[in-house]
Amino acid sequence: MAPMFTPRQYDNVPIQTALSSLPQPYQQDVLPEIRSRIASPATPLLIVLDDDPTGTQTCHNIAVLTQWTVPLLQNELGSTTAGGFFILTNSRALPPSEAKSLISEICQNLAKAAKLVGKEYQIVLRGDSTLRGHFPEEPEAVETLLGIFDAWILAPFFYQGGRYTIDDVHYVREGDVLVSASQTPFAQDATFGYKSSNLRDYVLEKAGSRFKDEDLCSITLEDIRLGGPGRVAEKLIGVKKGSVIVVNAAEESDMFVFAAGALSAEQKGKRYLYRTGAAFVSARLGITSIPPLSLESLYHGPTQDLSALKNGGLIIAGSYVPKTTAQLQRLREARGPELHVIELDVASLINTDKEANHVLDLCIRNANQRLKDGKDVLIMTSRKLIVGHDALSSLSIGGVVAAALVKVVQNITVEPRYIIAKGGITSSDAATKGLRMQRAMIIGQAAPGVPLWRCKEPTSRHTGVPYVVFPGNVGDEDTLAKLVGRWAIQN
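Residues numbered from 1 in each chain as written. Predicted model: local features only at pLDDT ≥ 70, side-chain atom pairs only at ≥ 80, totals over all residues. Heavy atoms only, no water.

### Some points on the overall build of the protein chain
- The secondary structure content of the protein chain amounts to 16 helices and 19 strands.
- Based on the C-alpha atoms only, the size of the protein chain along its principal axes is roughly 65 × 50 × 45 Å.
- Counting all 491 residues of the protein chain, 58% fall into the buried class.
- In the protein chain, the share of contacts with a sequence separation of at least 24, taken over all contacts with a separation of at least 6, comes to 78%.
- For the protein chain, the exposed area adds up to about 19,400 Å²; of that, 51% sits on carbon and sulfur atoms. (Helix = DSSP H or I, 4+ residues; strand = E, 2+ residues; numbered from the N terminus. Buried < 20%, exposed > 50% of the residue type's maximum accessible area, 1.4 Å probe, protein only. Contact = heavy atoms within 4.5 Å. Areas by Shrake-Rupley, 256 points an atom, 1.4 Å probe, with all protein chains shown as cover.)

### Some words on the environment of Lys433
- Looking at the secondary structure, you find Lys433 in helix H15 (residues 424–434).
- In this structure the C-alpha to C-alpha distance between Lys433 and Ala99, which are 334 residues apart in sequence, comes to 18 Å.
- When neighbours within four sequence positions are excluded, Lys433 is seen to be in contact with Val406 and Gln410.

### Examining the pairing of strand S17 (residues 439–447)
- Judged from the four bridges that link them, strand S3 (residues 62–65) and S17 form a sheet pairing that is antiparallel. Bridge assignment links Val64 to a residue of S17, and that residue is Ala440.
- Looking at chain direction, S17 and strand S18 (residues 450–454) are connected through five bridges and run antiparallel. Bridge pairing in S18 places Ile442 opposite Trp453.
- Taken together, S17 and the strand that follows it, S18, pair antiparallel across an intervening segment of two residues, in which Gly449 is found at a positive phi of about 80°. (Pairing = 2+ DSSP bridges.)

### A few points about unusual backbone geometry
- A cis amide bond links Phe135 with the next residue in sequence, Pro136, at an omega value of 15°.
- Note that Pro136 resides in the loop between strand S5 (121–126) and helix H5 (137–146).
- Located in the positive-phi region is Asn61, a residue other than glycine, with phi close to 55°.
- With respect to the element layout, Asn61 can be found in the loop between strand S2 (45–50) and S3.
- Notably, His462 is not glycine yet its phi reads approximately 55°, a positive angle.
- Structurally, His462 is set in the loop between S18 and strand S19 (467–470).

### So, the side chain of Ser218
- Along the chain, the position of Ser218 falls in strand S10 (residues 216–219).
- A distance of 2.8 Å separates polar atoms of two side chains, one belonging to Ser218 and the other to Asp168.
- At 2.9 Å, the side chain of Ser218 forms a polar contact with the side chain of Arg200. (Polar contact = N/O pair within 3.5 Å; in protein donor to acceptor, adjacent residues only side chain to side chain.)

### As for the packing of helix H3 (residues 70–79) against helix H4 (residues 96–117)
- Following both chains from N to C, one finds H3 and H4 inclined at 50°, their axes separated by 8 Å at the closest point. The angle between H3 and H4 falls in the class oblique. Here H3 and H4 pass one another in a crossing that is right-handed. Only Asn109, Leu110, Lys112, Ala113, Ala114, Leu116 and Val117 of H4 make contact with H3, whose side of the interface consists of Val70, Leu73, Gln74, Leu77 and Gly78. (Axes fitted to C-alpha atoms, helices over the stretch in contact; angles between N-to-C directions. Parallel < 35°, antiparallel > 145°, perpendicular 65-115°, else oblique. Left-handed = near helix turned anticlockwise from the far one by under 90°.)

### So, the packing of H4 against H5
- The interhelical angle for the contact between H4 and H5, taken along N-to-C directions, is 35°, at an axis separation of 9 Å. As for how H4 packs across H5, the hand of that crossing is right-handed. Facing Pro96, Ala99, Lys100, Ile103, Ser104, Cys107 and Gln108 of H4, the residues of H5 in contact are Glu137, Glu138, Glu140, Ala141, Val142, Leu145 and Leu146.
- Residue composition of the contact of H4 with H5, by class: eight nonpolar, two polar and four charged. (Nonpolar A, V, L, I, M, F, W, Y, C, P; charged D, E, K, R; others polar.)

### Observations concerning the sheet that holds strand S8 (residues 169–174)
- Strand order in the open sheet formed by four strands is S1-S9-S8-S7, and the pairing between neighbours is antiparallel. Where the open sheet ends on each side, the last strands, each with one partner, are strand S1 (13–14) and strand S7 (163–166).

### Examining the side chain of Asp254
- One can find Asp254 in helix H8 (residues 252–266).
- The exposure class of Asp254 is buried, given its relative accessible area of 1%.
- In this structure Asp254 touches Leu221, Ile224, Arg225 and Ala249, once residues within four positions along its chain are discounted.

### Considering the pattern of salt bridges
- In the structure shown here, the tally under the stated rule is 28 salt bridges.
- Close ionic contact of Glu140 with Lys100 constitutes a salt bridge, the shortest N to O distance being 3.8 Å. On the criterion of sequence distance, the pair formed by Glu140 in helix H5 and Lys100 in helix H4 is long-range, its members being 40 residues apart.
- You can call Glu140 partly exposed: its relative accessible area is 21%.
- Lys100 gets classed as partly exposed once you look at its relative accessible area, which sits at 31%.
- One network of salt bridges, with partners in common, ties together Asp50, Asp51, Asp52, Arg92, Arg126, Asp128, Arg132, Glu138, Asp189 and Arg275. (Salt bridge = Lys/Arg side-chain N within 4 Å of Asp/Glu carboxyl O.)

### Considerations on the nonpolar core
- Membership of the largest hydrophobic core comes to 86 residues, with the highest contact counts inside it found for Leu236, Met255, Phe258, Ile379, Trp453 and Tyr467.
- It is H8 that contributes the most residues to this core, nine residues altogether. (Core = buried A, V, L, I, M, F, W, Y, C linked by side-chain atoms within 4.5 Å.)

### Description of the packing of aromatic side chains
- Under the defined criterion, the tally for this structure stands at 10 aromatic pairs.
- Arranged with centres 4.6 Å apart and planes meeting at 20°, the rings of Tyr274 and Phe280 form a pair that is stacked. Comparing Tyr274 with Phe280, the two get one shared label, buried.
- Joined through ring pairs, the aromatic side chains of Phe135, Trp152, Tyr194, Tyr202 and Phe211 make up one cluster.
- Looking at Arg271, its charged tip hangs above the ring of Phe149, at a distance of 4.1 Å from the centre. (Phe/Tyr/Trp six-rings, centres within 6.5 Å; stacked < 30°, edge-to-face > 60°. Lys NZ or Arg CZ within 6 Å of the ring centre and 35° of its normal.)

Here is the structure:
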């Protein structure tokens, strides 16, 4: 944090009070304009570098890559005629220096692949809607490889997760109240903690050595709702080079208006580097939400006979945020004897290799047998959070736990009916290391804000099994229990 800098503090606000004070949403439908611009050959492909897999939570019918070799990128760029695709970096699980190196490597490979196929592209750094992640390290890494942009854009709004930005203050919805982000458990994160709710303060807190107050500006809700895309484009074009632009939004239509304005500004020659939540990505791609998918629809339609799906479903949970812990408790209560629970003691996993291997071997044998018997199985880490003496050591402990969960997934030999991975790092490692996915399709959502993937590569494990990327901080206490209940099979 910059010397003597003290972030402003904000009281909780009843959500109806906050929203009723705002101008009415912009009345014109901007989706046709966005889709028309996307279809134009002049619009670059959107490449979303996702720091964990939960950023796919507002999209459908779009690919996600978990590897970034030049041939793989060349093939994806060459076959994508409009829109874009995701690259899962999982950089949030890495120390800052490694995250910067990873982003640099991906940008280098993208530049080579794009040159080979003659395609233009644009980078979005999709980050956490509760502000945890490598900022400003990742944008700086992109600029090192791709040159200085006209401005950085910070837009963490995410409606399905209850994340609102109003008057530059970022809020998290808890029930009927908006809680300023710095007062939530997310701000106490052992690795990515912060003290600022006002996003201008957040930039100065995290990057005060680079930016000053005069470098910060905003796209306000008045700009978006009263002025529409034209006013957004005008303000974006008018900012001085090297600025950081905070985007306010309180419902999904606000982000679509902003995306339309940003596209207009870009087609007048401006270049912006985006650090955003999931909402901007879907808006910029012209993707609107669809209802959550049922188990029947995943297995080829409502008339499909599901009686042949004898094996149980698998839920893997590594996230420690309080919301996940509450959701796991409700899941256990709701499913009762229909759910077999295996709890991995984290203290044992980080003690000695011998003890860890013993714990994991027992877990794997137990899980395989129960899945074969048709039981849904929850494998969860013990709920007492063990942290190190600093951010890096806490990240290291998290890495050991993540590796243990990967070993479990690698050794699940019974094909589950579905797999739910709870938490960003858990779901990334389970997909890439446990299931060996290199490319998957985002087919929709299993619940609002909960992305659903399917990988049909023959080299992956459990090919075609529905894979749910369940963010640690999305939904209410009952969301996970309701999903597992809806996808249950009576054997």
